[in-house]
Amino acid sequence: MENHYDIIVVGAGHAGCEAAVASARLGHQVLLVTMNLALVAQMSCNPAIGGIAKGQIVREIDALGGMTGIVTDHTMIQFRMLNRSKGPAMWSPRAQCDKTAFSLYWRRVLENTPNLHLRQDTVTELLLEDYTAKGIKTQLGKTLFAQRVILTNGTFLNGKIHVGEVNFSGGRIGESASFILSDQLKDSGIRTQKLKTGTPVRIDGRTVDFTKMEEQPGEENPGRFSFSNTPQLHRQLSCWITYTNEEVHKVLQKGFEKSPMFQGRIQGVGPRYCPSIEDKIVRFAERTRHQLFLEPEGRGTHEYYLNGFSSSLPEDIQVEAMHLIPGLESAEIFRPGYAIEYDYFDPTQLHYTLESKIIKNLYLAGQVNGTTGYEEAACQGLMAGINAHLSIAQKEPLILTRSQAYIGVLIDDLVTKGVQDPYRMFTSRAEYRILLRQDNADYRLTPIGHQLGLIDEDRYLEYFHKYDIQQQIIGYLRRHTTQLQTLNALLEKRGTPPLTQNVKLENVLLRPQISIQDIIDYDFDFAKYLSQIGADAEQIVNAETYIKYNSYIQKEEELVQHLSNLDNIKLPADLDYASIQSLSKEAREKLTKLQPANLGQASRVSGVSPADITALMIFLKGVSSE
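Residues numbered from 1 in each chain as written. Predicted model: local features only at pLDDT ≥ 70, side-chain atom pairs only at ≥ 80, totals over all residues. Heavy atoms only, no water.

Draft legend 1. Representation of the packing of helix H2 (residues 54-64) against helix H10 (residues 406-417). At their nearest, the axes of H2 and H10 sit 9 Å apart, and the two run at 110° to each other. Relative to H10, the element H2 is oriented roughly perpendicular. Across the interface between the two elements, Gln56, Ile57, Glu60, Ile61 and Leu64 from H2 touch Tyr406, Ile407 and Leu410 from H10. Class assignment of the residues belonging to the contact of H2 with H10 gives a composition of 6 nonpolar, 1 polar and 1 charged. (Axes fitted to C-alpha atoms, helices over the stretch in contact; angles between N-to-C directions. Helix = DSSP H or I, 4+ residues; strand = E, 2+ residues; numbered from the N terminus. Parallel < 35°, antiparallel > 145°, perpendicular 65-115°, else oblique. Contact = heavy atoms within 4.5 Å. Nonpolar A, V, L, I, M, F, W, Y, C, P; charged D, E, K, R; others polar.)

Draft legend 2. Summary view of the sheet that holds strand S17 (residues 303-307). Read across the sheet, 6 strands follow the order S14-S15-S16-S17-S13-S18 without closing on themselves; strand pairing throughout is antiparallel. Edge positions in the open sheet fall to strand S14 (214-216) and strand S18 (333-335), since each of these has one partner strand only. Pairwise comparison of adjacent strand axes, ignoring direction, gives a mean angle of 35° for this sheet. Here strand S16 (residues 291-296) runs beside S17; their pairing, made up of 4 bridges, is antiparallel. Its bridge partner lying in S17, Glu295 is registered against Tyr305. (Pairing = 2+ DSSP bridges.)

Draft legend 3. Quick look at the packing of helix H9 (residues 374-392) against H10. Where H9 contacts H10, the two axes come as close as 10 Å, and the packing angle between them is 90°. Classified by the angle their axes make, H9 and H10 are roughly perpendicular. Residues Glu376, Cys379, Gln380 and Met383 of H9 pack against Ile407, Leu410, Ile411 and Leu414 of H10. Of the residues in the contact of H9 with H10, the class split is 6 nonpolar, 1 polar and 1 charged.

Draft legend 4. Layout of H9. Between its first and last C-alpha atoms H9 spans 27 Å; for 19 residues at 1.5 Å apiece the expected length is 27 Å, and the two agree. With 18 of 19 residues buried, H9 lies mostly within the body of the structure. At the C-terminal side of H9, Gln394 shows a positive phi close to 55°. (Expected span 1.5 Å × (residues − 1). Buried < 20%, exposed > 50% of the residue type's maximum accessible area, 1.4 Å probe, protein only.)

Draft legend 5. Seen up close, the pattern of salt bridges. Inspection of the entire model under this criterion finds 31 salt bridges. Residue Glu586 pairs with Lys590 through a salt bridge whose shortest N-O separation is 3.0 Å. Taken together, the residues Glu586 and Lys590, both in helix H18 (residues 585-594) and 4 residues apart, mark about one turn of the helix. When salt bridges with common partners are traced through the structure, they connect Arg402, Asp412, Asp413, Lys417, Glu431, Asp567 and Arg604 into a single cluster. (Salt bridge = Lys/Arg side-chain N within 4 Å of Asp/Glu carboxyl O.)

Draft legend 6. Main features of unusual backbone geometry. Residues other than glycine seldom take positive phi values, yet Ala41 does so here, at roughly 50°. Along the chain, Ala41 falls in the loop between strand S2 (30-34) and strand S3 (48-50). Look at Tyr131: it is not a glycine, yet its phi comes out positive at around 55°. Assignment of secondary structure puts Tyr131 in the loop between strand S7 (123-128) and strand S8 (133-138).

Draft legend 7. Examining the pairing of strand S4 (residues 76-82) more closely. Counting buried residues along S4, 6 of its 7 residues qualify, which places the element largely inside the surrounding structure. Where S4 and strand S5 (residues 92-97) come together, 6 bridges link them in antiparallel fashion. From the neighbouring strand, Leu82 faces S5, where its bridge partner is Ser92.

Draft legend 8. Fine view of the sheet that holds S3. In space, the 3 strands of this open sheet follow the order S3-S5-S4, with antiparallel pairing throughout. The outermost strands of the open sheet, each flanked by one partner alone, are S3 and S4. Direction aside, neighbouring strands of the sheet carry axes that sit 20° apart on average. Together, S3 and S5 form the strand contacts of H2, whose direction differs from that of S5 by roughly 85°.

Draft legend 9. Local environment of the nonpolar core. Judged by nonpolar contacts, the single largest core of 108 residues is most densely connected at Ile8, Trp106, Ile136, Leu151, Leu362, Leu400 and Ile407. It is H9 that provides the largest number of residues to this core, a total of 11 residues. Setting aside residues up to four positions removed in sequence, Leu151 forms contacts with Val10, Leu126, Leu181, Leu185, Leu362, Tyr363, Leu364, Ala365 and Val368. In this structure, Leu490, Ile519, Ile520 and Ile533 belong to the second largest nonpolar core, which totals 25 residues. (Core = buried A, V, L, I, M, F, W, Y, C linked by side-chain atoms within 4.5 Å.)

Draft legend 10. Representation of the side chain of Gln349 in the model. Within the secondary structure, Gln349 is located in the loop between strand S19 (338-345) and strand S20 (362-364). With a relative accessible area of 8%, Gln349 lands in the buried category. Here Gly189 takes part through its backbone oxygen, which lies 3.2 Å from a polar atom of the side chain of Gln349. Each residue touching Gln349, except ones within four places of it in the same chain, is listed here: Gly189, Ile190, Arg191, Glu355, Ser356, Lys357 and Ile358. (Polar contact = N/O pair within 3.5 Å; in protein donor to acceptor, adjacent residues only side chain to side chain.)

Draft legend 11. Up close: the packing of aromatic side chains. Per the stated rule, a full pass over the model turns up 11 aromatic pairs. Seen from their ring centres, Tyr460 and Phe464 are 4.9 Å apart, and the 70° between their planes marks the pair as edge-to-face. Remark: Phe464 and Tyr460 occur in helix H12 (residues 457-479); sequence separation between them is 4 residues, near one turn of the helix. Given the relative accessible area of 14%, Tyr460 is considered buried. On the basis of relative accessibility, which here comes to 46%, the residue Phe464 falls in the partly exposed class. Counting every residue linked through ring pairs, the aromatic cluster contains Tyr443, Tyr460, Tyr463, Phe464 and Tyr467. Directly above the aromatic system of Tyr243 lies the positively charged group of Arg289, at a separation of 3.7 Å from the ring centroid. (Phe/Tyr/Trp six-rings, centres within 6.5 Å; stacked < 30°, edge-to-face > 60°. Lys NZ or Arg CZ within 6 Å of the ring centre and 35° of its normal.)

Take a look at the structure:
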């Protein structure tokens, strides 16, 4: 019917785009409403995808059938694998993207997705009936109905922009904020608080002296994010490294008296792990310099992003300080840095599906849940879109566990612990990070994506072929013995004791000084075998990772099995924790507020002790025996 849809997605940022495409591909009539269709999936901060732990999330999105990895591969201008000096569990892909091309490619994806309808308009309020979302009303007077509504408003809810003593409403610079919607949700019982984020000056590259900076080129053999057959990157652009100094810090300090952050005009909490430059020089006063990265915003522009120099100080102070940075003495800016303060909703009021506990059929995804970063937003959008679909189809929801995916870690952290500052994913947040490597995201999640219908049959067959070849490589290394003379020369060269008898190649590879490439170079038969089975570089490295880390992988899998028992013990939705006197007072208060779904979630709540979990188990056994 006219004005009726299965799902309405509000906001076309990274979360909204993933939510809309996923739910439309799963067969629903979906409407995506955004204030400006020319700015879909806008990279409003740095023009990059991935990074520490974030790269793992993008690969997981791709493995489930999401689009962020594919769009990145088509628009990247530089690729690097971070943390190569550490173990494979820490390796994190990162790509510098062409900012304009990224948004345009996403626009093409949206326009070419069947069942997906686009509308440029501003959503002013939800249609609510008995705390159930029924649709939306827009600024242009449209009333639109849907079975499910997904809000992905980013930083636009009651957004306010700050540059020194100047402040004005806005969701991003040059774009208006949204006001009524946030107040409506607050009046409905959804807890609303404020956060802050910021962005640095944008610089005209024609006015930069790159000879005074350290070049940071991309990798010689760049990788990709998607497990599908996306294009190989050619002709990379470099980033550049420079540093602040004590003179820069002195100039910045001159602006503190006009700083909205230090003068109390900003009430929202800023990101702990990506602070503004003025925050850095206060928090790390002992440091005489801070590293900065000058990053290109695309192939067809001279605009550069000064990563590490986020600021809300007055524009003249930003420019004066910037001119004291090596290479930027004569730099001109396209626009100053600014801070933005915005509303977010307490994510502990969400189910694991990202559906609101307060308003039925309403899903929240992205920065409205207190996260920061394109990647964290995109994965929430994908999960909200999938779960909205499963809800309409009356199927079991998709809830990824902490041992299945970084996405599972993120959502569990949000709904269990909430946020005090903008949430950013790190490898340290994942207790099973050896299992959650970027290289095996498809092994973990592609079968789920295929079962849902987001991974087609051809790609699923490619997935099986890839892992069949990896198993063949592992099998060869386990079956075949060494050639002593050849490999002893290698071992001597690597500074590790020679062999006195033939051993399996697998045992040689277990030595930390030896890589699988060493064995390929020194064992002609192995190299010939790899060529015969058509093994590519990724399959070879993945096989090496499996062999070198297999004992650690097995230990983590055993730990997962042991701890997952708690997640299988469900807690009644109406459990009266206040009446369980064997719980500590803090546990009673926090569990009453959160209403965890199972004992595993309860055990991860701050302030709930192992003794409280034992008390809960005893209580549940008593109830079940009555």
